[in-house]
Amino acid sequence: LSIGLGSKTPVEIVRGYRLPAHVDERALVFASSNSGNTEETTAAFTEAVASGARCVAITTGGRLREIAREHDVPALTFEWAGEPRSALGWSFATLLAICGRLGLVPDAGSEIDAGLAHMRAVATALGRDVPEATNPAKEMARAWVAHLPVVVGSDALTPVAYRWRTQVNENGKSWAIADELSEQNHNTPVGYGLPSALVPLLRVTFLRHAAVHPRIALRIELSLEQMRAAGINASVLDVPGATVLQQMLWAIQFGDFASYYLGVLNGADPSEVRALDWLKNNLSKR
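Because the structure is a prediction, the values reported are computed rather than measured. (Residues numbered from 1 in each chain as written. Predicted model: local features only at pLDDT ≥ 70, side-chain atom pairs only at ≥ 80, totals over all residues. Heavy atoms only, no water.)

A.B. asks: Can you lay out the nonpolar core for me, pointing to particular residues and giving the numbers?
C.D. replies: If you look at the biggest cluster of nonpolar residues, it comprises 25 residues, and the most contacted ones within it are Val-160, Trp-164, Leu-207 and Phe-254. Among the elements that make up this core, the one with the highest residue count is helix H8 (residues 244–265) (nine residues). Every residue in contact with Leu-207, bar those within four places of it in the chain, is listed here: Val-151, Val-152, Leu-157, Val-160, Ala-161, Trp-164, Ile-220 and Leu-237. (Core = buried A, V, L, I, M, F, W, Y, C linked by side-chain atoms within 4.5 Å. Buried < 20%, exposed > 50% of the residue type's maximum accessible area, 1.4 Å probe, protein only. Helix = DSSP H or I, 4+ residues; strand = E, 2+ residues; numbered from the N terminus. Contact = heavy atoms within 4.5 Å.)

Structure follows, in structure tokens:
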């Protein structure tokens, strides 16, 4: 869930079952679940409705839509036959459009159009028919095989780093770690060298974009120096784009392609998520 309490209050992201205690009738709550049956989302959304908060549901259906209808709450529904992780256009653009119509953020229509053109160019450059020698997403996937990907973001690319981690998990069927600068610098460097058996397995990628704070840019350089001194394979991916939104969309798509190719190299079907289905089925029974 995303929660806003006015123009001077930061947006909060809630991934659990309970809402913060301060949520009341002043809050605007967005609940987004592709299936509409994500139990944490429906539980927190039920609390939001009971609190008197202004609520909006974004879903294909399920229990979330039922709750919205029961309480006469707006629900934006869409149809999508693919995997939830491939429905980013619905989940992200819908939320952005609503916030734009409410005046919570500037209208991003032209930026979205430019970003889509940027993403189409990326899809062509990183497509399946492009050989590995000229396809950086395939090269990255090759480097990840039998290794532990670690992706570090900052500012607007922090959620993108988290997206990379989850895409490597789901598409690549592999472990991955996401981290954030500057917070990463406050603790992780002390542990770079151990366990020694893990160090050769790490493949660290820093996501860097033109809008990054100059002190973060310096932190990236110093982090590279420290990691390489500890024997860690670390590199930087410079993210292009004329705007921050374009940079985010480019980096998201690059990570999606790389994680897809990792799944193929691991001999897996990138689309299947049997482990998640097993977990959800067992949660529903207990």
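Still more to cover.
A.B. asks: Now, about the packing of helix H6 (residues 158–170) against H8: what can you tell me, with residues and values included?
C.D. replies: Running from N to C, H6 and H8 cross one another at 15°; their axes reach a closest spacing of 9 Å. Comparing the axis directions of H6 and H8 gives the class roughly parallel. H8 is crossed by H6, and the crossing has right-handed handedness. Side by side, H6 and H8 meet where Pro-159, Val-160, Arg-163, Trp-164, Gln-167 and Val-168 of the first sit next to Met-248, Ala-251, Ile-252, Phe-254, Gly-255, Asp-256, Ser-259 and Leu-262 of the second. Residues belonging to the contact of H6 with H8 are distributed by class as follows: nine nonpolar, three polar and two charged. (Axes fitted to C-alpha atoms, helices over the stretch in contact; angles between N-to-C directions. Parallel < 35°, antiparallel > 145°, perpendicular 65-115°, else oblique. Left-handed = near helix turned anticlockwise from the far one by under 90°. Nonpolar A, V, L, I, M, F, W, Y, C, P; charged D, E, K, R; others polar.)

A.B. asks: Please give an account of the pattern of salt bridges that cites residues and values.
C.D. replies: A pair can form between side chains of opposite charge whenever their charged atoms are brought close. Scanning the model with the defined rule gives ten salt bridges in all. The closest approach of N and O atoms between Arg-63 and Glu-70, which form a salt bridge, is 2.9 Å. Accessibility expressed as a relative area gives 51% for Glu-70, which makes it exposed. Notably, a salt bridge pairs Asp-238 with Arg-208, separated by 2.6 Å at the nearest N-O pair. Residue Asp-238 is located in strand S9 (residues 233–239), and its partner Arg-208 is located in strand S8 (residues 202–209); the two are separated by 30 residues in the primary sequence. Three or more residues are tied together by salt bridges with common partners; here these are Arg-63, Glu-66 and Glu-70. (Salt bridge = Lys/Arg side-chain N within 4 Å of Asp/Glu carboxyl O.)

A.B. asks: Give me the lowdown on helix H5 (residues 136–144), citing residues and values where you can.
C.D. replies: When H5 is considered as a whole, its buried residues turn out to be Ala-137, Lys-138, Met-140, Ala-141 and Trp-144. The buried residues of H5 occupy one face: seen down the axis, they fall within an arc of 160°. The elements touched by buried residues of H5 are strand S6 (148–154), H6, S8 and H8. One side-chain oxygen at the N-terminal end of H5 lies 3.2 Å from the backbone nitrogen of Ala-137; it belongs to Asn-135. Looking one or two residues beyond H5, the residue adopting positive phi is Ala-146, at roughly 60°. (Arc of directions from axis to C-beta. Polar contact = N/O pair within 3.5 Å; in protein donor to acceptor, adjacent residues only side chain to side chain.)

A.B. asks: Tell me about the packing of aromatic side chains, residues and numbers included.
C.D. replies: Tallied over the full model, the rule gives six aromatic pairs. When the ring of Phe-257 is compared with that of Tyr-261, the centres are 6.1 Å apart and the planes differ by 40°; the resulting orientation is tilted. On the criterion of helical spacing, the pair formed by Phe-257 and Tyr-261 is a turn pair, its members being four residues apart in helix H8. A centroid spacing of 5.6 Å and a plane angle of 70° characterise the contact between Tyr-260 and Tyr-261, whose relative ring orientation is edge-to-face. (Phe/Tyr/Trp six-rings, centres within 6.5 Å; stacked < 30°, edge-to-face > 60°.)

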